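# Overview (structure and organization)
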Amino acid sequence: MNKTLLITGGAGFIGSNFVYHMLREHPDYKIVCVDCLTYAGNMSTLAGAMQNDHFVFYKTNICDRAGIYRIFETEKPDTVVNFAAESHVDRSIESPEIFLQTNILGTQVMMDACRKYGIGRYHQVSTDEVYGDLPLDRPDLFFTEETPIHTSSPYSASKASADLLVQAYHRTFGLPATISRCSNNYGPYHFPEKLIPLMIANCLQDKPLPVYGEGLNVRDWLYVEDHCRAIDLIIHRGRVGEVYNVGGHNEMKNIDIVKLICDYLGKPYSLITHVADRKGHDMRYAIDPTKIHRELGWLPETKFADGIKKTIDWYLENRDWWQTILSGEYRNYYERMYGNR
Ligand code: NAD
Ligand code: TYD
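Figured I'd write up the structure that's included with this text. Please read all numbers here as calculations on a predicted model, not as lab measurements. (Residues numbered from 1 in each chain as written. Chains lettered and ligands numbered in written order. Predicted model: local features only at pLDDT ≥ 70, side-chain atom pairs only at ≥ 80, totals over all residues. Heavy atoms only, no water.)

## Considerations on the nonpolar core
- Core analysis: the biggest nonpolar cluster contains 39 residues, and Ile196, Ile200, Leu209, Ile261, Phe304 and Tyr330 have the highest contact counts within it.
- Secondary structure elements with two or more residues in this core: α7 (195–204), β8 (209–212), α9 (254–265), β13 (272–275), α11 (304–317), α12 (319–326) and α13 (330–338).
- Filtering out sequence-adjacent residues up to four positions away, isoleucine 196 remains in contact with Tyr186, Trp221, Ile257, Ile261, Phe304, Ile308 and Thr311.
- Grouped together as the second largest cluster of nonpolar side chains are 31 residues, Ile62, Tyr69, Phe143 and Val243 included. (Core = buried A, V, L, I, M, F, W, Y, C linked by side-chain atoms within 4.5 Å. Buried < 20%, exposed > 50% of the residue type's maximum accessible area, 1.4 Å probe, protein only. Helix = DSSP H or I, 4+ residues; strand = E, 2+ residues; numbered from the N terminus. Contact = heavy atoms within 4.5 Å.)

## Overview of the pattern of salt bridges
- Going through the model one piece at a time under the given rule, you end up with 17 salt bridges.
- Between arginine 278 and aspartate 90 there is a salt bridge whose closest N-O contact spans 2.7 Å. Separated by 188 residues along the polypeptide, arginine 278 in the loop between β13 and α10 (290–296) and aspartate 90 in helix α4 (residues 89–94) bring together distant segments of the chain.
- For arginine 278, a relative accessible area of 16% corresponds to the buried category.
- Where salt bridges share partners, they join Arg239, Glu242, Lys291 and Glu295 into one cluster. (Salt bridge = Lys/Arg side-chain N within 4 Å of Asp/Glu carboxyl O.)

## Section: the side chain of arginine 284
- Looking at the secondary structure, you find arginine 284 in the loop between β13 and α10.
- Given the relative accessible area of 3%, arginine 284 is considered buried.
- In this structure the side chain of arginine 284 is engaged in a polar contact, spanning 3.5 Å, whose partner is the backbone oxygen of proline 139. (Polar contact = N/O pair within 3.5 Å; in protein donor to acceptor, adjacent residues only side chain to side chain.)

## Remarks on the site of ligand 2
- Around ligand 2 sit 18 residues, and of these Glu129, Arg219, Arg278, His281 and Tyr338 come closest.
- One of the side-chain N or O atoms of asparagine 184 is found 2.9 Å from an oxygen atom in ligand 2.
- Proline 210 has a polar backbone atom sitting 2.8 Å from a nitrogen atom of ligand 2.
- Elements with a contribution of two residues or more to the shell around ligand 2: α7 and β8.
- It is β8 that contributes the most residues to the shell around ligand 2, 3 residues altogether. (Near = heavy atom within 4 Å.)

## A word on the sheet that holds strand β1 (residues 4–8)
- Pairing is parallel in the open sheet, where 7 strands are placed in the order β3-β2-β1-β4-β5-β6-β11. Looking along the sheet, the strands with just one partner apiece sit at the ends: β3 (55–58) and β11 (243–246). Direction aside, the axes of adjacent strands within the sheet are offset by 20 degrees on average.
- As paired elements, β1 and strand β2 (residues 30–34) share 5 bridges and run parallel to each other. Looking across to β2, one finds that threonine 8 is bridged to valine 34.
- Lying over the sheet, helix α1 (residues 13–25) contacts β1, β2, β3 and β4 (79–82), oriented at roughly 165 degrees with respect to β1.
- Each of β1, β4 and β5 (121–127) touches helix α5 (residues 97–117); the most contacted strand, β5, lies at about 165 degrees to it. (Pairing = 2+ DSSP bridges. Axes fitted to C-alpha atoms, helices over the stretch in contact; angles between N-to-C directions.)

## Things to note about unusual backbone geometry
- At tyrosine 189, a residue that is not glycine, the phi angle is positive and equals roughly 65 degrees.
- Note on placement: tyrosine 189 falls in the loop between β7 (185–186) and α7.
- Of note, the phi angle at aspartate 206 is positive, near 55 degrees, even though the residue is not glycine.

## Topic: the site of ligand 1
- The environment of ligand 1 is formed by 28 residues, the closest being Ile14, Asp35, Ser87, Tyr155 and Lys159.
- In this structure, serine 87 approaches ligand 1 through a side-chain N or O atom, which is 2.7 Å from an oxygen atom.
- Within the backbone of asparagine 185, a nitrogen or oxygen atom sits 2.8 Å from an oxygen atom of ligand 1.
- Expressed as a share of its isolated accessible area of 840 Å², the protein-covered part of ligand 1 is 97%.
- Counting only elements with at least two residues in the shell around ligand 1, the list comes to α1, β5 and α6 (154–173). (Areas by Shrake-Rupley, 256 points an atom, 1.4 Å probe, with all protein chains shown as cover.)

## Side note on the packing of helix α3 (residues 65–75) against α5
- Between α3 and α5, the least distance of the axes is 10 Å, while the angle of their chain directions is 40 degrees. The angle between α3 and α5 places the two elements in the oblique class. In the crossing of α3 with α5, the sense of the turn from one axis to the other is right-handed. Here Arg65, Ile68, Tyr69, Phe72 and Glu73 of α3 come into contact with α5, specifically with Gln108, Val109, Met110, Asp112, Ala113, Cys114, Lys116 and Tyr117.
- Of the residues contributing to the contact of α3 with α5, the split by class is 8 nonpolar, 1 polar and 4 charged. (Parallel < 35°, antiparallel > 145°, perpendicular 65-115°, else oblique. Left-handed = near helix turned anticlockwise from the far one by under 90°. Nonpolar A, V, L, I, M, F, W, Y, C, P; charged D, E, K, R; others polar.)

## Looking at the packing of aromatic side chains
- By the definition in use, this model includes 22 aromatic pairs.
- Measuring from centroid to centroid gives 4.8 Å for tyrosine 189 and tryptophan 314, while their planes differ by 65 degrees, and the two rings are edge-to-face. Within this pair, whereas tyrosine 189 is found in the loop between β7 and α7, its partner tryptophan 314 is found in helix α11, the two being separated by 125 residues in sequence.
- The class of tyrosine 189 is buried, set by a relative accessible area of 19%.
- Classification of tryptophan 314 as buried rests on a relative accessible area of 13%.
- Stacked on the ring of tyrosine 39, the Lys or Arg arginine 91 has its end atom at 3.5 Å from the ring centre. (Phe/Tyr/Trp six-rings, centres within 6.5 Å; stacked < 30°, edge-to-face > 60°. Lys NZ or Arg CZ within 6 Å of the ring centre and 35° of its normal.)

This is the structure in structure tokens:
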């Protein structure tokens, strides 16, 4: 089968891992990557893919309707996977508007292109954050696909809005769409503003490790390759119109993750600095992945103990990648976000 798969946001963390996953697992597919290269997109991340004849890159914003339509006319994709988004909760608290533009209106443009040019499958990469949070004292509760949408941050509200729009396009226009809602990912190419890569990069520079509040918030961490496998399964075998939750059954407190990173790198806990909490900070995320396991046979394969070592080793071996990022716009962001915290 010769498929043409269009991936948006492929120069970011999960999108790039998905590009490499698809080139490896489906060498007969053509992969068309669309990314406008915001601060979070990085061409050096895609250097390996650029050498592959089955890969083509377009520097285009998903909100640019004419630009997106031109790409559809040229490439005629049969499957679209939409990763492109503003993805950082803290930035969404600082400036919500770009989140609404990219995450909602950009999604609309992508789906309009799918309707106009025809498509076999549109897949929306969403997040467990659309379900809001769970209390710490109810470890028996998990997010299922039936859990009501209940958002906390401008980021999660924008992702939930996009999900509702995808479901509306499926019902109203018959768009063959699926949605996945995944828990927190970690792994290579993770932008160092997010918890795990930020703590690794700061540890390696002997800088303070800024833990929000007491660090008791819980996230359900999944190695990025496991997420990529889940999306691969959903676009090939998932049922149109369905939502699939993806999670690792791997709940960890932030403070425990930070200590684990210190231990692995031989750094003292005295680097840990408790700083002012995030506004509206969600307490606990925990996914029930029964549906994707039952319907598609998906299970996470990478244990956290192994995945976190692989991840830290990757940051040790790829200092150029993250040091280049730290020397750019990121410095201003870091000063704004952590300067007076
Ligand atoms: P990221 O911030 O690392 O990458 C986002 C990419 O999208 C970047 O390459 C950026 O340049 C690109 N982009 C942003 N705005 C764009 C626009 N208007 N047009 C074209 N490209 C644009 O994000 P990520 O962590 O890889 O997340 C990817 C997707 O997965 C997002 O939709 C996010 O909501 C979702 N998700 C992330 C996680 C996580 O733990 N990181 C968990 C669940 C779901
Ligand atoms: P993050 O990686 O931003 O992902 P999300 O908020 O989407 O889950 O944050 C993960 C957790 O780590 C979250 O509870 C906030 C916390 N955190 C810190 O304690 N310090 C930090 O510097 C950052 C970026 C996050």
